[in-house]
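# Remarks on the overall topology
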Amino acid sequence: MASSQATNPPDGTGVIQLDPWLEPFRDALRQRYALVEGWIKTIDDTEGGLDQFSRGYEKFGLNVNANGDITYREWAPNAVEASLVGDFNNWDATAHPMTKNNFGVWELTIPATNGQPVIPHDSKIKITMVTPSGERLYRIPAWIKRAVQDLSVSPTYDSVFWNPPADQQYHFRHARPPKPQSLRIYEAHVGISSPDTRVATYGEFTTTMLPRIHALGYNAIQLMAVMEHAYYASFGYQVNNFFAASSRYGTPEGLKELVDTAHGLGLVVLLDVVHSHASKNVLDGLNCFDGSDHLYFHEGARGRHDLWDSRLFNFGSHEVLRFLLSNLRFWMEEYRFDGFRFDGVTSMLYTHHGIGTGFSGNYHEYFGPSVDAEGVMYLTLANEMLHRLYPNCITVAEDVSGMPALCLPHAQGGVGFDYRLGMAIPDMYIKLLKEKSDDEWDMGNLAFTLTNRRYGEKTIAYAESHDQALVGDKTLMMWLCDKEMYTNMSILTPLTPTIARGMALHKMIRLITHALGGEGYLNFEGNEFGHPEWLDFPRAGNANSFWYARRQLNLTTDPLLRYGQLAAFDAAMQHTEARYGWLHAEPAYVSLKHEGDKVVAFERAGLLFVFNFHPVESFTDYRLGVDVAGTYRIVLDTDEERFGGFARNRADTRFFTTDLEWNGRRNYVQVYLPSRTAVVLALEETLEGVNS
């Protein structure tokens, strides 16, 4: 960080050197930078720095001291009385009263008995408070590390004291893997990671999914819906207990084993963190925690997200910053996650939360009154804290707006994320499949959308999102094949035109997205093999059925089904990238976008990628420009028989360059391009041990 600060102006305007179009907003950039620096100074002066400040979980909530004493602290300034109650004291509100300091923090220390904590492990507890009006409240502690739900009794969660004996605690065995140069993310939801009609567990994910993800060639996992959420069907987006790993899937120790086992396989693990909003639940969430409307959240309309029916944090509050920054630190320390995908970043960046707003890319949209200065400040502060303390930490922003400098360091005037999600890419594919016939696909627009990203800021490309699998929409494979997915995916039946088209385009879409769309790649579980059904969690509208809240991973292991062929291609694609590293190479040079032929060609990481999207035309001796002379061989071919193709190109074919300029490149090769196929060519000398 010191070196980057030394090369940038000390006022947050360094980004203008990268993007001169930001010059008119120099003052706004300075103000953003100054707001963050002001908070860093305040935290340095009052809390001893970001390191100490982000260790709030060591001070707040319930902590067991070395001598067995339990100390409990809770910020609840509106309360006039508070005490800790639970099974351990028969829920007696007078047994363990708490004292309040001048900052509204309540505190209690419960001495140990014979060196043992008085509160039994896994027993129920709550804080009870009395408001100025005399109302008595019972709340789940805000920093609780374990919340459980018994649906046979009530949908409301109970909080429990999690303090397992030493012999029941999980002890980490593996160090964190190095930060991947090329980030290949497998996005997963523990609960749906089984073909059974029930909620899968952390242990099952560890046993069945981790080896699968590793074998496929991914090097990162993004876990969704881990922070405890009130409603299963919310996909984890209605968080009520921010420090609790969801009990639906098992115990905290089970999650620790999952992360540690992943590390042993060389996989980094990202947590989907939801700081953009919170459940509005009162009885088991943060809402109206101490009887006031504005403890963790903004008061009134500003504190409510109408579309999501949830509460919005007050990022300008000292104690809210402590809570949220400590939350990030907790997941890094307690569970050893390697970073975060921040959900709903657009909502945090703007006062309109992105609702009813189309972003045209005009720079005025990213500055002015529609920007939530405190939201931008919090995200910058979070990234600054994480990257200072964990240099290998990975942060990904889910932002649809394209805000400049989102993925540049604070010292340069940025918000500090490592990557942003390329959210326009999956939208483009759905639009193509819904609205265009195959011969109407615009090659120029396809290439433009895949390459349209800010210079110097990294993008995670993905062909389809988990949202597109949710009820009301369909996956790409369902759009491509629809009902034939149920009847014609067997190799014992003839390959129908619909299935042939669907499998061909499924592979091509993934490959061109992977190779051209960004500096990282993401796949949602099941999509790698064209999962045949959408995603729909149990809810009142489907009679609480788990039928669509599962992944039929078993389909890929049946040798009589074609799903395994798609999975084999996905694995080959990941492993080819691992060998050549195109994701961390310079952006591709696109040499050809031929509308009539429906051909796109580009070079990246020394490879030549060629796509023939034409639905019926194949081309013999198709001339393609390439910069480096030599003999080329095929390293990946979507048309291979093992991928469900027709093997129209021989794997051992050698392609010789001709020293003549073509399409702006110094040489050319001539290649056979069957319809609806893609090939990747590499110099023969890079193929040692491959296809030889």
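Report on the accompanying structure. (Residues numbered from 1 in each chain as written. Predicted model: local features only at pLDDT ≥ 70, side-chain atom pairs only at ≥ 80, totals over all residues. Heavy atoms only, no water.)

## A word on the overall build of the protein chain
- When helices and strands are counted, the protein chain shows 15 helices and 29 strands.
- Here the C-alpha atoms of the protein chain give a radius of gyration of 27 Å, agreeing with the 26 Å that 2.2 N^0.38 yields for 692 residues.
- For the protein chain, the spread of C-alpha atoms along the principal axes amounts to about 85 × 60 × 45 Å.
- Intrachain contacts of the protein chain at a sequence separation of at least 6 include 72% that bridge at least 24 residues.
- Summing over all exposed atoms, the protein chain offers an accessible surface of approximately 26,400 Å²; the carbon and sulfur share of this is 51%.
- Looking at charge distribution, the protein chain has the averaged site of its 60 positive side-chain charges lying 1 Å from that of its 84 negative ones. (Helix = DSSP H or I, 4+ residues; strand = E, 2+ residues; numbered from the N terminus. Rg over C-alpha atoms; globule rule 2.2 N^0.38 Å. Contact = heavy atoms within 4.5 Å. Areas by Shrake-Rupley, 256 points an atom, 1.4 Å probe, with all protein chains shown as cover. Lys, Arg positive; Asp, Glu negative; His and termini not counted. Charge placed at Lys NZ, Arg CZ, Asp CG, Glu CD.)

## Brief notes about the layout of surface pockets
- Its volume calculated, the largest pocket comes out at about 960 Å³.
- Tyr237, Trp308, Glu398, His466 and Asp467 are, among the 41 residues lining the largest pocket, the residues nearest its centre.
- Those elements that provide at least two residues to the lining of the largest pocket are helix H8 (345-349), helix H10 (424-435) and helix H12 (466-469).
- The residue makeup of the lining of the largest pocket, split by class, is 19 nonpolar, 14 polar and eight charged.
- Counting residues per element, the ones that place at least two in the lining of the second largest pocket are strand E19 (419-421), H10 and helix H11 (443-451).
- With five residues, H10 is the single largest residue contributor to the lining of the second largest pocket. (1 Å grid on protein atoms, 1.4 Å probe; cavity = no way out; pocket = protein on both sides within 12 Å on 5 of 7 lines; lining within 4 Å. Points joined across faces, edges and corners; volume = space filled by probe spheres on them. Nonpolar A, V, L, I, M, F, W, Y, C, P; charged D, E, K, R; others polar.)

## Comments concerning the pairing of strand E6 (residues 124-130)
- Taking burial as the measure, the seven residues of E6 include six buried ones, the bulk of the element.
- Sheet topology note: the E6/strand E7 (residues 136-139) ladder contains four bridges and is antiparallel. In the sheet register, Ile127 faces E7, and the bridge partner there is Arg139.
- Counting the residues in the hairpin turn of E6 and E7 gives five residues, including Gly134, whose phi is positive at 95°. (Buried < 20%, exposed > 50% of the residue type's maximum accessible area, 1.4 Å probe, protein only. Pairing = 2+ DSSP bridges.)

## A word on the pattern of salt bridges
- For the structure on display, the rule yields 51 salt bridges.
- A salt bridge links Glu457 to Arg420; the shortest N-O distance between them is 3.3 Å. Of the two residues, Glu457 sits in the loop between H11 and strand E20 (458-461) while Arg420 sits in strand E19, which places them 37 residues apart along the sequence. The exposure classification of Glu457 matches that of Arg420, with both residues buried.
- Look at the salt bridges and you will find they share partners, linking Asp19, Asp399, Arg420, Arg454 and Glu457 into a network. (Salt bridge = Lys/Arg side-chain N within 4 Å of Asp/Glu carboxyl O.)

## Observations concerning the sheet that holds strand E11 (residues 220-224)
- Read around the closed barrel, the eight strands follow the order E10-E11-E14-E17-E18-E19-E20-E21; overall the barrel is parallel. Taken over all neighbouring pairs, the strand axes of this sheet differ in orientation by 25° on average, direction set aside.
- Bridging between strand E18 (residues 394-397) and E19 involves two bridges; their strand directions are parallel. For Val396, the partnering residue across the bridge sits in E19 and is Tyr419. (Axes fitted to C-alpha atoms, helices over the stretch in contact; angles between N-to-C directions.)

## Brief notes about the sheet that holds strand E29 (residues 677-683)
- Pairing within the open sheet is antiparallel, and its six strands lie in the order E22-E23-E24-E29-E26-E27. The sheet terminates laterally at strand E22 (589-594) and strand E27 (654-656), the two strands that pair on one side only. Averaged over all neighbouring strand pairs, the angle between strand axes comes to 25°, with direction disregarded.
- In this structure, strand E23 (residues 599-604) lies alongside strand E24 (residues 607-612), joined through six bridges in antiparallel fashion.

## Thoughts on the packing of helix H5 (residues 202-216) against helix H6 (residues 252-264)
- Packing of H5 against H6 brings their axes to within 8 Å, and their N-to-C directions diverge by 20°. Taken as axis vectors, H5 and H6 run roughly parallel relative to one another. Every pair of crossing elements has a handedness; the one defined by H5 and H6 is left-handed. Of the residues in H6, those in contact with Tyr202, Phe205, Thr206 and Leu210 of H5 are Gly254, Leu255, Glu257, Leu258, Thr261 and Ala262.
- When grouped by side-chain class, the residues that make up the contact of H5 with H6 number six nonpolar, three polar and one charged. (Parallel < 35°, antiparallel > 145°, perpendicular 65-115°, else oblique. Left-handed = near helix turned anticlockwise from the far one by under 90°.)

## Details of the side chain of Thr657
- In this fold, Thr657 is placed in the loop between E27 and strand E28 (667-673).
- There is a polar contact of 2.9 Å between the side chain of Thr657 and the backbone nitrogen of Gly630.
- Once residues lying within four places of it in the same chain are set aside, the contact partners of Thr657 are Val626, Val628, Ala629, Gly630, Tyr632, Asn667, Tyr668 and Val669. (Polar contact = N/O pair within 3.5 Å; in protein donor to acceptor, adjacent residues only side chain to side chain.)

## Things to note about unusual backbone geometry
- In this model, Ala405 sits at a positive phi of 70°, which is unusual for a non-glycine residue.
- Tracing the backbone through its elements, the reader meets Ala405 in the loop between E18 and E19.
- A positive phi is found at Lys598, a non-glycine position, where the angle reads about 60°.
- With respect to the helices, strands and loops of the structure, Lys598 is situated in the loop between E22 and E23.

## Quick word on the nonpolar core
- The biggest cluster of nonpolar side chains holds 179 residues, and the ones touching the most others in it are Leu223, Leu255, Tyr296, Trp331 and Tyr429.
- Setting aside chain neighbours within four positions, we find Leu255 in contact with Tyr202, Leu223, Val226, Ala245, Trp331, Tyr335 and Phe337. (Core = buried A, V, L, I, M, F, W, Y, C linked by side-chain atoms within 4.5 Å.)

## Focus on the environment of Tyr455
- Looking at where Tyr455 falls in the secondary structure, it is placed in the loop between H11 and E20.
- Tyr455 gets classed as exposed once you look at its relative accessible area, which sits at 64%.
- Sequence spacing of Tyr455 and Asp19 is 436 residues, and the spatial spacing of their C-alpha atoms is 8.4 Å.

## Quick notes on empty space enclosed by the protein
- Across all of its chains, the model carries one cavity of 30 Å³ or more by this definition.
- Quantified by volume, the largest cavity comes out at close to 40 Å³.
- Around the largest cavity, the lining residues are Ile140, Pro141, Ala142, Ile144, Asn240, Asn241, Phe242, Asp284, Gly285, Leu286 and Phe289.
- In the lining of the largest cavity, the residues fall into seven nonpolar, three polar and one charged.

## Let's talk about the packing of H10 against H11
- Packing of H10 against H11 leaves a shortest axis separation of 9 Å and a crossing angle of 160°. Of the possible angle classes, the one that applies to H10 and H11 is roughly antiparallel. When the axes of H10 and H11 are compared, the crossing they make is left-handed. Within the contact between the two elements, H10 uses Ala424, Ile425, Met428 and Tyr429 and H11 uses Asn445, Leu446, Thr449 and Leu450.
- Its residues placed into classes, the contact of H10 with H11 shows six nonpolar, two polar and no charged.

Function-wise, these values are silent; they only describe arrangement.
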